[in-house]
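An overview of the molecular structure
If you want the building blocks of each chain, they are given just below.
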Amino acid sequence: MTLEEKIAMLHGNALFSSAGVPRLGIPELTCDDGPLGVREEIKRFDWASANWTTDSATFLPNGSAIAATWNPVMANKYGVVIGEEANARNKNIMLAPAFNICRMPLCGRTYEYYSEDPYLNSQLAIQSVKGIQSQHVAACVKHFAANNQEFHRDSVNTIVDERALREIYLPAFKAAVQQGDAYAVMSAYNKVNGYWCSENDFLLNKVLKKEWGFKGLVMSDWSGVHHTVAAANNELDIEMGSSGPYDQWYFAKPLLAAVKAGQVSVKTIDDKVRRILWLIYHTSMSANHPEGAIATPAHTKSAYDIASESIVLLKNDANLLPLNAGKIKSIAVIGDNATRTFALGGYGAGVKARHEVTALEGIKSRFGKTASISFAQGYKAEYSANNTDAQNSGYDQPDKNLIGQAVALAKTTDIAILCIGSNREYESEGHDRKNLELPFGEQALVDAVTAANPNTIIVIMAGAPYNLNEIKKSNHTIVWSWFNGSEAGNALADVLKGIVNPSGRLPFTFPVSLNDSPAFALNTYPGKNLTADYKEGILVGYRWYDTKNINPLYCFGYGLSYTNFTYTDLTTNKTNYQPGDKITVSLKVKNTGSVAGKEVIQLYVSKLNPSVLRPAKELKAFKKMMIAPATTAAVSININAGDLAYFDSKLSTWVVEPGQYKIMAASSSKDIRQIVTIIVR
């Protein structure tokens, strides 16, 4: 290959591709968004639709929905669908999964990411990567690293100490690379500790490639490169972006000139090309490459399975759920979200969904034969991610006429199902929310409908935490759904009817007040002078709330079921361990109710009398199990004693501190059922 041919492979030649070498039969690399499914085909050189008729795809549940399943099997199903549909569209790299830590609840991409916990993120990331790559399609894990806000995301300097990086922000990337064998990593827009992520020697060179042994390629986020020589020498491999002229990009003519001037070595260029060829060998030029398929019944089933396991039952005080279809003659379905679809909207990548079942459609299909079902809009969701604040002004005001119509309808029916929350315009890439309040004047609607019909069920569809203080206090039945994919309405209706026993668990903490959240309590968001100082360090999410004794509105790992589970007989296989040992934790979990259900057994660990700051507890293992009614399941879960380590920044190494550790079997981070103490020597 000539030097010019090599350089041509290192930068985009269109919106979603980079060049191959036709002379040598090396194909170009094609990639696509993203986390919600394979996006519709767009034109080669701009964002306009290509107007294909064969690119309708499966809309998969959003990232926080996948996290709410607490089930790596569901993450794998998600990945297989993405991979098969990418193949059907001849895409070599899928820009997914995205699993940045949910550091603060207002981030516009919280819906796209997974959770606030590095261990939960890791287990899901491994399986989604394996699922995608099982189809000979590269997963591009993103955004590396510490990209935790959208506000000034392309200019903010994240100041984060190495211990917090190692314990909170990097573990899921490490797991995706070392256990998931991810073929590609996307560098983030922001700076970390003063250096752009696309030219960050510590992240890309020292940690990713040398320490973790990453074999694949690093590509930039779109237009996320700032310098030629620094990016090339600090291990970026491909520069991607949104517009030409492509030969003027940092990794085009300027890189060729830098090599000729001796600022970047040919050896460095060769390493980048070798990585690209390695990825091509595993994808488009692999042996027995699958043909792929798109929007198949099997994919629809996978979307349904994920959605039905993601739905979280937050409150069921009146035991109104599951609904007894035989006794209900009339249902009022109220709220804009009952008829809204979520496959598209905002700046984030969407999907041209082959179909998307709305909540109203799902409820009609499950209850329509035995009950009359009526709809009232209730509120106007007048908000656009493209608008200025001034253009969006008034979006949060209730519509008295629509509320009046909803109340009039609710008074006439046995049940009112109120579908509120946000949408893909309100939660969007490119901006963060201003506050935790429910938008569109929804609280006024909730108050009015609840007063009109005592049998009101609140269904919230959103991808991130909101202020539910008033609803939690005043409403007896609350269900949390998400932007839940092509089968969202059917999954929701099956949970309401009891065909599915809800087993979703919250993947992040809902604070009582925004000021309870660490980034706001410490006044580090959005940052001053384009600098966000992560002063909370390792105390992210429930680690902060538990360690600081701050009660959340809803805690990490929380979710109810239509049955109850009791935990007994928690034991470990030994009482004393060496750092290299495996701790086998055993317990019995009994379903004490009359219906089968899935329980998420969560194991948290706490170091007694630590010599350094440690969180009150940390998730170290979990297991989701289906347990039949009146049945006791024997549960066995392993924890590596080495995973009890903390990162010692002074020694630049992981340290398992000797002493006593509590292992807690829990149904959520606040609901500790059983405790056993071990000693590590």
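Keep in mind that this is a model prediction, so the values were computed, not measured.

Turning to the overall build of the protein, a few remarks are in order. Helix and strand content of the protein: 19 helices and 27 strands. Taking 26 Å as the expected radius of gyration for a compact globule of 681 residues, we find that the protein reaches 25 Å, a close match to that expectation. Its C-alpha atoms give the protein principal-axis dimensions of about 80 × 65 × 50 Å. The burial tally for the protein puts 62% of its 681 residues in the buried class. Residue pairs in contact within the protein that sit at least 24 positions apart in sequence constitute 77% of those at least 6 positions apart.

Tallied over the entire structure, the rule returns 31 aromatic pairs. Ring plane angle 40 degrees and centroid distance 5.5 Å describe the contact between phenylalanine 16 and tryptophan 222, whose orientation is recorded as tilted. Placement of the pair is phenylalanine 16 in the loop between β1 (12-14) and β2 (17-18) and tryptophan 222 in the loop between β10 (217-220) and α8 (228-233), with a sequence separation of 206 residues. Exposure class is identical for phenylalanine 16 and tryptophan 222. Each is buried. Considering the side-chain rings of tyrosine 395 and phenylalanine 440, the 6.3 Å spacing of their centres and the 80 degrees angle between planes classify their relative orientation as edge-to-face. Of this pair, tyrosine 395 sits in the loop between α13 (389-392) and α14 (400-410) while phenylalanine 440 sits in the loop between β14 (415-421) and α15 (442-452), placing them 45 residues apart in sequence. Accessibility classification places tyrosine 395 together with phenylalanine 440 in one group, the buried group. Joined through ring pairs, the aromatic side chains of Trp70, Tyr119, Tyr542, Phe556, Tyr604 and Phe622 make up one cluster. The ring of tyrosine 466 is capped by arginine 433, whose NZ or CZ atom sits 4.1 Å from the centre of that ring. Against the face of tyrosine 661 rests lysine 607, its NZ or CZ located 5.3 Å from the ring centre.

Next up on the list: the nonpolar core. Soluble globular proteins tend to bury their nonpolar side chains together. Ranked by internal contacts, the top residues of the largest apolar core, which has 106 residues, are Phe144 and Trp222. A per-element tally of this core places helix α3 (residues 72-88) first, with six residues. Phenylalanine 144 has contacts with Leu170, Phe173, Val185, Met186, Ser187, Ala188, Cys197, Leu203, Leu204, Leu208 and Trp212, leaving out every residue within four places of it along the chain. By size, the runner-up hydrophobic cluster in this structure holds 51 residues, among which are Ala65, Ala98, Ala452 and Ile458.

Okay, the packing of helix α12 (residues 359-367) against helix α17 (residues 488-497) next. One way to put it is that α12 packs onto α17 with a least axis distance of 7 Å and a crossing angle of 50 degrees. Here α12 lies oblique to α17, going by the angle between them. For α12 against α17, the interelement crossing comes out right-handed. Residue-level inspection shows Ala359, Gly362, Ile363, Ser365, Arg366 and Phe367 of α12 in contact with α17, the latter providing Gly489, Asn490, Leu492, Ala493, Asp494, Leu496 and Lys497.

A few words now on the sheet that holds strand β7 (residues 184-187). One open sheet accounts for seven strands, arranged β1-β2-β3-β4-β5-β7-β10; its pairing is mixed. In the strand order of this sheet, the two ends are held by β1 and β10, each with one partner. By the bridge criterion, two bridges tie β1 to β2 in an arrangement that is antiparallel. Each residue of the ladder has a partner; that of glycine 12, found in β2, is serine 18. Each of β5 (138-144) and β7 touches helix α6 (residues 171-178); the most contacted strand, β5, lies at about 160 degrees to it.

Let us now look at the environment of lysine 473. Inspection of the secondary structure assignment puts lysine 473 in helix α16 (residues 469-474). Residues lysine 473 and arginine 366, spaced 107 residues apart in sequence, show a C-alpha to C-alpha distance of 30 Å.

Moving on: the pattern of salt bridges. Taken as a whole and judged by the stated rule, the model has 42 salt bridges. For the salt bridge of lysine 380 with aspartate 399, the shortest nitrogen-to-oxygen distance reads 3.7 Å. Residue lysine 380 is found in the loop between β13 (372-376) and α13, and its partner aspartate 399 is found in the loop between α13 and α14; the two are separated by 19 residues along the sequence. Accessibility expressed as a relative area gives 39% for lysine 380, which makes it partly exposed. Since its relative accessible area comes to 19%, aspartate 399 is described here as buried. Across the salt bridge formed by lysine 574 and aspartate 581, the nearest N and O atoms sit 3.1 Å from each other.

Attention now moves to unusual backbone geometry. Each neighbour pair has its own omega, and for phenylalanine 144 with alanine 145 the value is 10 degrees, a cis peptide bond. Take alanine 145: it is sitting in the loop between β5 and β6 (157-159). A cis amide bond links leucine 321 with the next residue in sequence, proline 322, at an omega value of -5 degrees. With respect to the element layout, proline 322 can be found in the loop between β11 (312-316) and β12 (330-334). Although it is not a glycine, asparagine 51 sits at a positive phi angle of roughly 60 degrees. Notably, asparagine 523 is not glycine yet its phi reads approximately 55 degrees, a positive angle. As for its position among the elements, asparagine 523 is in the loop between α18 (518-521) and β17 (531-533).

By the element assignment, asparagine 147 lies in the loop between β5 and β6. Here asparagine 147 falls in the buried class, since its relative accessible area comes to 1%. From its side chain, asparagine 147 meets the backbone oxygen of glutamine 149 in a polar contact 3.3 Å long. The contact partners of asparagine 147, leaving out residues within four places of it in the chain, are Asn100, Tyr113, Arg153, Ala188 and Asn190.

This part covers a nonpolar patch on the surface. On the surface, a nonpolar cluster with roughly 230 Å² of combined accessible area is contributed by Met1, Leu24 and Leu277. Looking at where leucine 24 falls in the secondary structure, it is placed in the loop between β2 and β3 (29-32). Leucine 24 gets classed as partly exposed once you look at its relative accessible area, which sits at 41%.

Spatial strand order, β19-β27-β26-β21-β22: five strands in an open sheet with mixed pairing. This sheet does not close on itself; its edge strands, each paired only once, are β19 (576-577) and β22 (618-627). Direction of pairing for strand β21 (residues 597-607) relative to β22: antiparallel, over a ladder of nine bridges. Counterpart to isoleucine 601 in the pairing with β22 is lysine 623.

What counts, and at which threshold
Residues numbered from 1 in each chain as written. Predicted model: local features only at pLDDT ≥ 70, side-chain atom pairs only at ≥ 80, totals over all residues. Heavy atoms only, no water. Helix = DSSP H or I, 4+ residues; strand = E, 2+ residues; numbered from the N terminus. Rg over C-alpha atoms; globule rule 2.2 N^0.38 Å. Buried < 20%, exposed > 50% of the residue type's maximum accessible area, 1.4 Å probe, protein only. Contact = heavy atoms within 4.5 Å. Phe/Tyr/Trp six-rings, centres within 6.5 Å; stacked < 30°, edge-to-face > 60°. Lys NZ or Arg CZ within 6 Å of the ring centre and 35° of its normal. Core = buried A, V, L, I, M, F, W, Y, C linked by side-chain atoms within 4.5 Å. Axes fitted to C-alpha atoms, helices over the stretch in contact; angles between N-to-C directions. Parallel < 35°, antiparallel > 145°, perpendicular 65-115°, else oblique. Left-handed = near helix turned anticlockwise from the far one by under 90°. Pairing = 2+ DSSP bridges. Salt bridge = Lys/Arg side-chain N within 4 Å of Asp/Glu carboxyl O. Polar contact = N/O pair within 3.5 Å; in protein donor to acceptor, adjacent residues only side chain to side chain. Patch = residues over 30% accessible without salt bridge, like charges linked within 9 Å, V, L, I, M, F, W, Y side chains within 5 Å. Areas by Shrake-Rupley, 256 points an atom, 1.4 Å probe, with all protein chains shown as cover.

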